[in-house]
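Read off the chains here:
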Amino acid sequence: MNESPAQALRRIAYLKAIGVDSYVSRAQLDNAAPTQRYAVLRRVEPEPLREDIASLRAAAALQAPATPSPKHPGVQPPDNAVDSELRFSVAAVVAGSWLWLEHLGRRPLASEQVRLMQSMARALQYHRRDSAPPASADVAEFVWPLHDNRQLDQSAEAARAGLGAFVRRRLQERGCRGLILLGDDTAGWLRELDIALPVITANSTHQMLQHPPCKAAVWRALRALCD
């Protein structure tokens, strides 16, 4: 390929923009034309002073349009939602031979939430008169999108398919007895999941920690696993 330095740099920039890596040989290849090396000059912008950072962020916030967040983004994602804005995570905790799932949105999983799932698993083991060891917590997390490559599908349907495959794999690998969906958002994303195991839907641990009286309704739902 005969190209000028400007054409070569433009080609590399185009490939980088679409996510294609460009490779350059470290040594001259046998029976190949001599490789032309180009020096790329980069302009380094001066780093803003610390006192200017706050003013820059404030100006950016004023220019950015306000986008209201939906009340339940996991249950009914808007049809016109931009794929790059669809970001969420689902906690998957194996405790007491059950898989506990909770839609976190963009919040991190708190240790209090894991301890609450573990306590509920111990209570289930006790009422089932299970002789297994005390419930330990095996924590994993499904994060969407799986990648930042916009060439691949990042729609809500792709997210449902990816989450469903993740849940089936966790159930099979850990030999779980059933599935416990914590929160309406979690149930919304997994409403089409078809598995031959008991499935219980209850309030999320976030709701239980914020409003402790709702734990009674959660326990009544979980008692179905003791029959």
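**Q** Residues and numbers for helix α4 (residues 156-174), please.
**A** If you check α4, its first and last C-alpha atoms are 27 Å apart, about what 19 residues at 1.5 Å a residue would give, namely 27 Å. For α4, the full list of buried residues reads Ala-156, Ala-158, Ala-159, Arg-160, Leu-163, Gly-164, Phe-166, Val-167, Arg-170 and Leu-171. Along its buried surface, α4 packs onto β1 (88-95), β2 (98-105), β3 (138-144), β4 (178-182) and α5 (184-189). Downstream of α4 by one or two residues, Gly-175 has phi in the positive range, about 60°.

**Q** Can you break down the packing of helix α3 (residues 111-127) against helix α7 (residues 215-222) residue by residue, with the values?
**A** Look at α3 against α7: their axes get within 11 Å of each other, and the N-to-C directions meet at 45°. Taken together, the axes of α3 and α7 lie oblique to each other. For the pair α3 and α7, the sense of crossing is right-handed. Of the residues in α7, those touching α3 at Leu-116, Met-120, Ala-123, Leu-124 and His-127 are Lys-215, Val-218, Trp-219 and Leu-222. By residue class, the composition of the contact of α3 with α7 is seven nonpolar, one polar and one charged.

**Q** Got a sec to walk through the packing of aromatic side chains? Specific residues and values, please.
**A** This model, assessed by the stated rule, comprises four aromatic pairs. A centroid spacing of 6.3 Å and a plane angle of 45° characterise the contact between Phe-88 and Phe-142, whose relative ring orientation is tilted. With Phe-88 in strand β1 and Phe-142 in strand β3, this pair connects stretches of sequence that are 54 residues apart. Take Phe-88: its relative accessible area is 5%, and that puts it in the buried class. Between Phe-142 and Trp-144, the aromatic rings sit 6.3 Å apart at their centres with planes inclined by 15°, giving stacked as the arrangement.

**Q** How would you explain the sheet that holds β4 if you had to name every residue and give the values?
**A** Judged by pairing direction, the sheet is mixed, and its five strands sit side by side in the order β3-β1-β2-β4-β5 without closing on themselves. Looking at the sheet topology across the chains shown, the edges are occupied by β3 and β5 (199-202). Mean inter-strand twist for the sheet, computed between neighbouring axes without regard to direction, equals 20°. In the sheet, β1 pairs with β2 via seven bridges, with the strands oriented antiparallel. Its bridge partner being in β2, Val-90 is matched across the sheet by His-103. The strands touched by α3 within the sheet are β1, β2, β3 and β4, with β2 carrying the most contacts at an inclination of about 155°. α4 rests against β1, β2, β3 and β4 of the sheet, and its axis sits at about 165° to β3.

**Q** Which residues make up the pairing of β4, and what are the values?
**A** When you tally the buried positions in β4, you get five out of five residues, the bulk of the element. Alternating positions in β4 separate into two faces, Gly-178, Ile-180 and Leu-182 on one and Leu-179 and Leu-181 on the other, with burial throughout. Relative to β4, β2 runs parallel, the two sharing five bridges. Bridge pairing links Glu-102 to Leu-182 in β4. Here β4 pairs with β5 via four bridges, running parallel. Bridging across to β5, Leu-181 finds its partner in Thr-201. Note on the crossover from β4 through α5 to β5: the handedness is right-handed.

**Q** Provide a residue-level description of the nonpolar core, including the pertinent values.
**A** The biggest cluster of nonpolar side chains holds 24 residues, and the ones touching the most others in it are Phe-88, Leu-99, Leu-101, Leu-163, Val-167 and Leu-179. Those elements that provide at least two residues to this core are β1, β2, β3, α4 and β4. Per-element tally for this core: the top contributor is α4, with seven residues. Contact partners of Leu-163, with chain neighbours within four places excluded, come to Val-90, Phe-142, Trp-189 and Leu-190.

So, how was this worked out
- Residues numbered from 1 in each chain as written.
- Predicted model: local features only at pLDDT ≥ 70, side-chain atom pairs only at ≥ 80, totals over all residues.
- Heavy atoms only, no water.
- Helix = DSSP H or I, 4+ residues; strand = E, 2+ residues; numbered from the N terminus.
- Expected span 1.5 Å × (residues − 1).
- Buried < 20%, exposed > 50% of the residue type's maximum accessible area, 1.4 Å probe, protein only.
- Contact = heavy atoms within 4.5 Å.
- Axes fitted to C-alpha atoms, helices over the stretch in contact; angles between N-to-C directions.
- Parallel < 35°, antiparallel > 145°, perpendicular 65-115°, else oblique.
- Left-handed = near helix turned anticlockwise from the far one by under 90°.
- Nonpolar A, V, L, I, M, F, W, Y, C, P; charged D, E, K, R; others polar.
- Phe/Tyr/Trp six-rings, centres within 6.5 Å; stacked < 30°, edge-to-face > 60°.
- Pairing = 2+ DSSP bridges.
- Right-handed = clockwise from strand over helix to strand, strands pointing away.
- Core = buried A, V, L, I, M, F, W, Y, C linked by side-chain atoms within 4.5 Å.

The quantities given are spatial measurements derived from coordinates; they are silent on function.
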